Amino acid sequence: MTDKRKSEKKSIKSLLLYNKNFAPYMFVAPFILSFLIFFLYPFIEIVWMSFMKMEGFKNAKFVGFDNYSRLFNYHFGNALLTNTIFTVCTVVISMTIPTLLAVAVNSKLLKFRNGFRASIFIPSLVSALIAGIAFRLMFSDMDSGLFNQILHLFGGESIAWNMGYWSGTLMMVTLTVWKSIGINMVYCLSALQTISKDVYESADIDGASGFHKFWKITLPLLKPTLIYIFTLTIIAGYRMFTESYVYWVDTTPGDIGLTIVRYLYQMSFQRNDMGFGAAIGIVLLGIIMIINLIQLRGFGMFSKEKS
Amino acid sequence: MKKKITVSSVGLTIGMILIAACALFPVYFLLVASLQPTQYMFSRGLSLVLGDTATLANYLTLFDYRDGLYFTWYSNSILITVLQTVFSLFFSSMVGYALGVYRFRGRGLVFTLMLLVMMIPVEIIMLPLYKLSIAMKTINTIAGVILPFILSPICIFFFQQFVSGIGDSFMEAGRIDGCTEFGIYFRIMVPLMKPAFGAMTILIAMQSWNGFLWPLIVLRTNTNLTLPIGLASLISADAQKMEVLLPGAVLSILPIVIVFLFNQSKFIDGLTSGGVKA
């Protein structure tokens, strides 16, 4: 009897510890658990919530597509527009400058290359909130503010930067670009370093100019990396929150600096209108999924890792 | 020909010095601002060089601020970063390892789910996560900040890619020696995965240290805040708060910059390996 129990115990133990068919399930169990609790369940709930009228999380009442039709308002339109302008600007700037910088810090003509790489990378280490504290001061509306001083140099007058739509958007773009140039440069740089020197040497023999080499050799070989940065930047652009929060902490006057996630935050956590907040979240999901689909369809999954 | 090269080399170097200066300027600006009496900043404007007005007074104000509240934030941030990094690496590496070395039924499904989590930003499911945290009574706690993100899909993906390159022979050798499957993982594979752990430590620790939106929602009372949330609560045009805010901001980035300067290549590998939002 005891022998039988012993062997049973042993077989359970060997099943748990020695069985290589069973082991992988033990290893992935934490992921499955966390996926069900912290992803799938919230995901189903957000869809459900978006059809409800709620006060906080209480008194849920089914209202059909009411929350969605409420999205056709001036503020949400503004948020979408601001996000789109912001994203287009950051994509253009955070792709061109880092590419050029990567070529520069990879060039043999440059001395102290590692020093330059490190200096340009440092901004990517700083959180948007902390960097924003410095940028707030530089964009101060007072005559003593740095950017106003620069305007004075060119004979301009002081601007209340954070009170204008375009200047406000410029503030957010500047902060994001400053933070992302370093890391994007490094992405490009690591791709550049895989290009063999022979390609350039044979181009030299053919008498190609520096510009020609960049256009015909460097850029095509950087393409997978650039596509990767492109997708990352667009998604980050539509998710943007901190850059807006740090400049306009309590409210967004005249919708300046109002973004999708900011609007979601305001409606749900400041106004307690959770159902409407959920609908905003679903729209954001739609935007992100379209970008992801374009990335998957057009360029193959995770082109960077494959290359 | 040779002369032309030196001219363009000097030109390039000068251009890059200007760009590097622009990149470092905001950090320098913050440092200089924190070392000056804040009332000058409003009356005379901020001078960009440290003159004889330089003082550590703001730092002393910071240390005294509400009985050292800043240090409470600092230790909260350190605690959250350490716990999140340790748990995230522990669990994510196991999942990534299993996906990389075992062929089991459902592997494809798990892999697809991981990609799905990777693609969908947290902001979308933030509201239900908040509701869940209330139900689990983890609001305003460290667990509330960490628990929903205890597994990092980027991290899983990275470990999966990393172990795919390590041969089965190590595992077979372990089995012959009578190791359990977990023994193989902890005794044989973990040491082999050291470089991956290094890169992921930096990635997760940075994300955790700089995390903003979720901690902003979960953390409530002043003594439970992390550094970014605490500092955000001080943002205003008020000179008195500025005295605390500026040195507080400087001290919050100083450790990262110092660690970075000593481990540059590791940092760069770590932060670029996961496609982190810069």
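Refer to the structure printed above.
Only a predicted model underlies this, so the values are computations on that prediction, with no experimental measurement involved.

Caption draft 1: Structural context of the overall build of chain A. Within chain A, the regular secondary structure consists of 14 helices and two strands. Over its C-alpha trace chain A gives a radius of gyration of 26 Å, far above what one expects of a compact globule, namely 19 Å for 307 residues. Principal-axis analysis of the C-alpha atoms places the extent of chain A at approximately 95 × 60 × 35 Å. Taken over 307 residues, chain A has a buried fraction of 52%. Within chain A, contacts between residues at least 6 apart in sequence are counted, and of these 65% link residues at least 24 apart. For chain A, the computed accessible surface area is about 14900 Å², with 65% contributed by carbon and sulfur atoms.

Caption draft 2: Representation of the environment of Val105 of chain A within the structure. Mapped onto the secondary structure, Val105 of chain A falls in helix 4 (residues 74-106). In the structure, Val105 of chain A is positioned 81 residues away from Val186 of chain A in sequence and 9.8 Å away in space, judged by C-alpha atoms. The residues contacting Val105 of chain A, other than those within four sequence positions of it, are Leu110, Arg113, Phe116, Arg117, Met185 and Leu189 of chain A together with Met16 of chain B.

Caption draft 3: Layout of a nonpolar patch on the surface. Judged by side-chain polarity, Leu33, Leu36, Ile37, Leu40 and Ile44 of chain A come together as a nonpolar surface patch covering roughly 430 Å² of accessible area. Within the element layout of this structure, Leu33 of chain A appears in helix 2 (residues 23-49).

Caption draft 4: Quick look at the pattern of salt bridges. Considering all chains together, one arrives at seven salt bridges over all chains under this definition. Across the salt bridge formed by Lys213 of chain A and Asp204 of chain A, the nearest N and O atoms sit 2.8 Å from each other. The exposure class assigned to Asp204 of chain A is partly exposed, which follows from its relative accessible area of 43%. Where Arg239 of chain A meets Glu123 of chain B, a salt bridge forms, and the shortest distance between an N and an O atom there is 3.0 Å. Of the two residues, Arg239 of chain A is situated in helix 10 (residues 210-239) and Glu123 of chain B in the loop between helix 5 (107-119) and helix 6 (126-135); the pairing between them involves two chains. Given a relative accessible area of 22%, Arg239 of chain A falls into the partly exposed group.

Caption draft 5: A look at the pairing of strand 1 (residues 52-55) of chain A. Residues and elements named next belong to chain A. Here strand 1 shows a buried face lined by Met52 and Met54 and an unburied face lined by Lys53 and Glu55. Pairing of strand 1 with strand 2 (residues 58-62), which is carried by three bridges, proceeds in the antiparallel orientation. Bridge pairing links Glu55 to Lys58 in strand 2. Two successive antiparallel strands, strand 1 and strand 2, enclose a turn made up of two residues, where Gly56 displays a positive phi of approximately 65°.

Caption draft 6: Here's a closer look at the interface of chain B and chain A. Residue-level contacts link 101 residues of chain B with 90 residues of chain A. Both faces considered, chain B and chain A share a buried interface measuring about 8600 Å² in area, 82% of it formed by carbon and sulfur atoms. The interface formed by chain B and chain A holds three salt bridges in total. Taken together, the links from chain B to chain A amount to seven residue pairs in polar contact (both at pLDDT 80 or more). Of all the elements, helix 1 (residues 2-34) of chain B adds the most residues to the side of chain B that touches chain A, at 18 residues. Residue composition of the side of chain B that touches chain A, grouped by class: 78 nonpolar, 15 polar and eight charged.

How each quantity is defined
- Here the residue numbers are simple positions, counted from 1 along each chain's written sequence.
- The order in which chains are written sets their letters, starting at A; the order in which ligands are written sets their numbers, starting at 1.
- Residue-level local features of this predicted model are given only where pLDDT is at least 70; pairs of side-chain atoms are given and counted only at 80 or more, and the full residue set underlies all totals for whole chains, interfaces and linings.
- Computation of side-chain values covers all heavy atoms of the structure but excludes hydrogens and water.
- Runs of E in the DSSP output that reach at least two residues are strands. Runs of H or I that reach at least four are helices, and both are numbered from the N terminus.
- Radius of gyration here uses only the C-alpha atoms, and the compact-globule reference equals 2.2 Å multiplied by the residue count raised to the power 0.38.
- When a residue's accessible area, from a 1.4 Å probe over protein chains only, is under 20% of the maximum for its type it is buried; when over 50% it is exposed; and in between it is partly exposed.
- Whether two residues touch is decided by their heavy atoms; if any such pair falls within 4.5 Å, the residues are in contact.
- Only the protein chains shown count as covering a residue, and every accessible area follows the Shrake-Rupley method with a 1.4 Å probe.
- Patch rule: a residue counts if its relative accessible area is over 30% and it has no salt bridge; like charges are joined within 9 Å, and nonpolar side chains (Val, Leu, Ile, Met, Phe, Trp, Tyr) within 5 Å.
- One side-chain nitrogen of Lys or Arg within 4 Å of one carboxyl oxygen of Asp or Glu is enough to make a salt bridge.
- A pair of strands is considered paired only if DSSP assigns at least 2 bridges between the two.
- Throughout, buried area stands for the accessible area (probe radius 1.4 Å) lost by two parts on being put together, summed over both.
- Polar contacts here mean pairs of N or O atoms no more than 3.5 Å apart (in protein, one a potential hydrogen donor and the other a potential acceptor; neighbouring residues in sequence count only if both atoms are side-chain atoms).
- Residue polarity follows a fixed list, in which Ala, Val, Leu, Ile, Met, Phe, Trp, Tyr, Cys and Pro are nonpolar, Asp, Glu, Lys and Arg are charged, and the others, Gly among them, are polar.

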